[in-house]
Amino acid sequence: MKSLSLKWRILLISCVFLLIPLASWLIDSKFESDLERDNFQQTIQQANNLRSFFEQLIQHDNNFRQKLDTNGVKPSLQVALRETGILVDGFSDEWYPYHGFSTSIQNFGQKAELNLVEDQQHFFLLLKVEDDDIIYRKRLDMTGLSDKVELQLDGYRLQFSPQSPGRVSALRQTSNGFIDINSVYAVWQESTRGYQLEVRLPRDLVGTMFSAEIHDVDNGNAGPELQGLYSFTNFEQVTLNSMLNVGALSRLSADDYRVMVTNLSGDIVYSYGQPHQDIKGHWRNKLWLNDLSPIETRGSKVSLSSEELDKTLQGQAQEQLISEGKLTAYSRILEPLYDGEQVVGALILESSAINQKLYLRDFWLRMLLLMLLFWVLMVWWLYRSSKDYSRRIVELRDITEEAVSEQGQIRHVIEREEYYDDEVADLTNTFSHLTTRLKQHHDYQEKLVARLNHELRTPIAIIRSSLDNLSIENLSELDAQMLQTAQSGASRMSQTLSRLSEATRLEQAIKSADKHTFDMISVLRDLTRAYATNWPEHRFEFISELSDVELKGSRDLFVQMVDKLITNAVDFDDKSNPIKLELKTEESRLVFEVSNRGPVIDKKALKSVFSLMHSSRKNSGGHLGLGLYLAKLIANYHNGHIVARNHADQGGVSIVISWKNKYFTD
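To start, this report covers the structure provided alongside it. The structure displayed is predicted, hence computed values, not measured ones. (Residues numbered from 1 in each chain as written. Predicted model: local features only at pLDDT ≥ 70, side-chain atom pairs only at ≥ 80, totals over all residues. Heavy atoms only, no water.)

Turning our attention to the overall build of the protein chain. What the protein chain contains, in helices and strands, is 12 helices and 28 strands. Looking at the protein chain residue by residue over its 666 residues, the buried ones come to 43%. Counting only contacts in the protein chain whose residues sit at least 6 apart along the sequence, the fraction spanning at least 24 positions is 64%. Total accessible area computed for the protein chain in this model is approximately 37,100 Å², and 51% of it derives from carbon and sulfur atoms. (Helix = DSSP H or I, 4+ residues; strand = E, 2+ residues; numbered from the N terminus. Buried < 20%, exposed > 50% of the residue type's maximum accessible area, 1.4 Å probe, protein only. Contact = heavy atoms within 4.5 Å. Areas by Shrake-Rupley, 256 points an atom, 1.4 Å probe, with all protein chains shown as cover.)

Bringing a nonpolar patch on the surface into the picture now. On the surface, Phe 363, Met 367, Leu 370, Leu 373 and Leu 377 cluster together to form a nonpolar patch covering roughly 500 Å² of accessible area. By secondary structure assignment, the location of Leu 377 is in helix α7 (residues 354-403). With relative accessibility at 49%, the residue Leu 377 sits in the partly exposed group. (Patch = residues over 30% accessible without salt bridge, like charges linked within 9 Å, V, L, I, M, F, W, Y side chains within 5 Å. Salt bridge = Lys/Arg side-chain N within 4 Å of Asp/Glu carboxyl O.)

Take the packing of aromatic side chains next. Overall, the coordinates contain 10 aromatic pairs when judged by the stated rule. With centroids separated by 6.1 Å and ring planes inclined at 80°, the aromatic side chains of Trp 95 and Tyr 98 adopt a geometry described as edge-to-face. Here Trp 95 matches Tyr 98 in class, with each residue buried. On the basis of an interplanar angle of 40° and a centroid distance of 6.2 Å, the ring pair of Phe 123 and Phe 210 is categorised as tilted. Here Phe 123 is found in strand β5 (residues 122-130), whereas its partner Phe 210 is found in strand β13 (residues 209-220), with 87 residues between them in sequence. Residue Phe 123 shares its accessibility class with Phe 210, and that shared class is buried. Feature note: the residues Tyr 136, Trp 188 and Tyr 195 constitute an aromatic cluster, connected by ring pairs. One residue, Lys 515, lies across the ring of Tyr 637, its end atom 4.9 Å from the ring centre. (Phe/Tyr/Trp six-rings, centres within 6.5 Å; stacked < 30°, edge-to-face > 60°. Lys NZ or Arg CZ within 6 Å of the ring centre and 35° of its normal.)

Let's shift gears to the pattern of salt bridges. As enumerated under the stated definition, the model contains 24 salt bridges in all. Residue Glu 593 is joined to Lys 584 by a salt bridge in which the shortest nitrogen-to-oxygen separation is 4.0 Å. Note on Lys 584: relative accessible area 25%, which makes it partly exposed. The network of salt bridges with shared partners includes Lys 148, Glu 150, Arg 157 and Glu 213.

Purely spatial values, then, with no claim about function.
Structure representation (structure tokens):
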């Protein structure tokens, strides 16, 4: 963590916010579990209330009591209560909630299926017939053979004989012929296996008795021939098992639950509702459910048979939480219905909290998207701020390194930060104030050396002139010795001022010098020959395996640097081996080394030999220690790094200057 930059730390901390969606999902799961348990308890309470209602209904409503009576039960057709909108168009798409209440028959391998649905105003019928050869009516006078469907109601008989697919008239036969019943709306549509007839009739027109007959006509050798006549009621009218026959039940409404009442045989005599409503109205539900159809339970059948129902009909109430922990979990409560002390049926109540769960997940999804947007904006703002801070800190570091040289000289003053007003700006302003004061102090030191050189040279000249005049006089031995000492001190003082002036002039020359590229190999070879001429008592040797090396800088200053290094090497050389000037490359770095045999430098003084006014000689003899200091100034000007090393055998010293590969051309 300590090695990470500011922006990476902020990004890492921002990633912690990703744990919030996980925590919120766990909380959502806990809420869903609570919803399941609450729904289960509410279903139990609702089942108790409905059981009391139905038991009172058994006592006071003979019609409902007869529905539960299994002794001598006559055949009847189940009629479901309409729970969804039905569009009469000849197609069965919106009839899926009522498929469990269908009645099927077969005629020579061809199947027909009938569905009946009702509400307070209308009676709906869907007839699916398998027919491999549909014969439509060709004559308007209703003569001839064709496929048709006849319905026998309480009052009269209706006939549906289409001339083509589409809207078909409901015809009633009278003494004057057939008349069209305008209050009946019917549509005939062909299907892959035959045809479908969808009819809507006024509820009052139907009554309580019903029968449906199918006339199947196919093309024969001599023309259309009647293949069969079959009915769902064995050609007799049967009672409609209608939920609307009991007024109290018709006023019940279900909200996210299904109510079913069975007799002792398991036949459903009453059914209403669905375990959930409006689930298809939310497009986001597709994120959680692949199938948005209502929950398919065993209550969708006309007759039920299960171990739980058998126990209920024996007087033992059953409580079930089906698919617990899943989104589609629902509660099923089975309660026995009593007529006095006798069990006459069972109440089945199914309820689901899926809508509440979906609403909760929808709210969680909205909050997650909002939180994600906030998190993205926050991370973007933090990253941008940290990037700006990092950029400014790096810039401050760079200008600080450029402002101060390795010798502590101030190259330029850091400018104050006026645009920002924060901690980095305050730090920049502090550095600006610091470099300004250092610059002033450095300028004072430079001017001080020049001022001292100017002010002291005249007094020193007067002193030396006076001492020279005194030396003419006849002095005693003691006075002559004192005079000689005074002359030596004046000479050293003059020499010190000259050396300090030389250092100051060199620093100023370095500041004003222009850089250009020069060949180091030729320069060093020429210098080696010149040194051999100037110091014949010493031997010099130039070693290099490189053929051509170019360095960017000042050729004159580079020559002065080498002169300082050679002068220093000559002073300490024991003449046992040549003074070596070696140029080579090591690990992509250019290395220039001047080595001589002689005394070594004390290990503690290896780093201080390049300091101003430092001398490692036991007897300085007038040396002020400026040579290596000036050599370091010139090396730094050429972007080189200079160090002093003792030989491994403690038999000499090497001064080594190295350059990175971006500062030279090989």
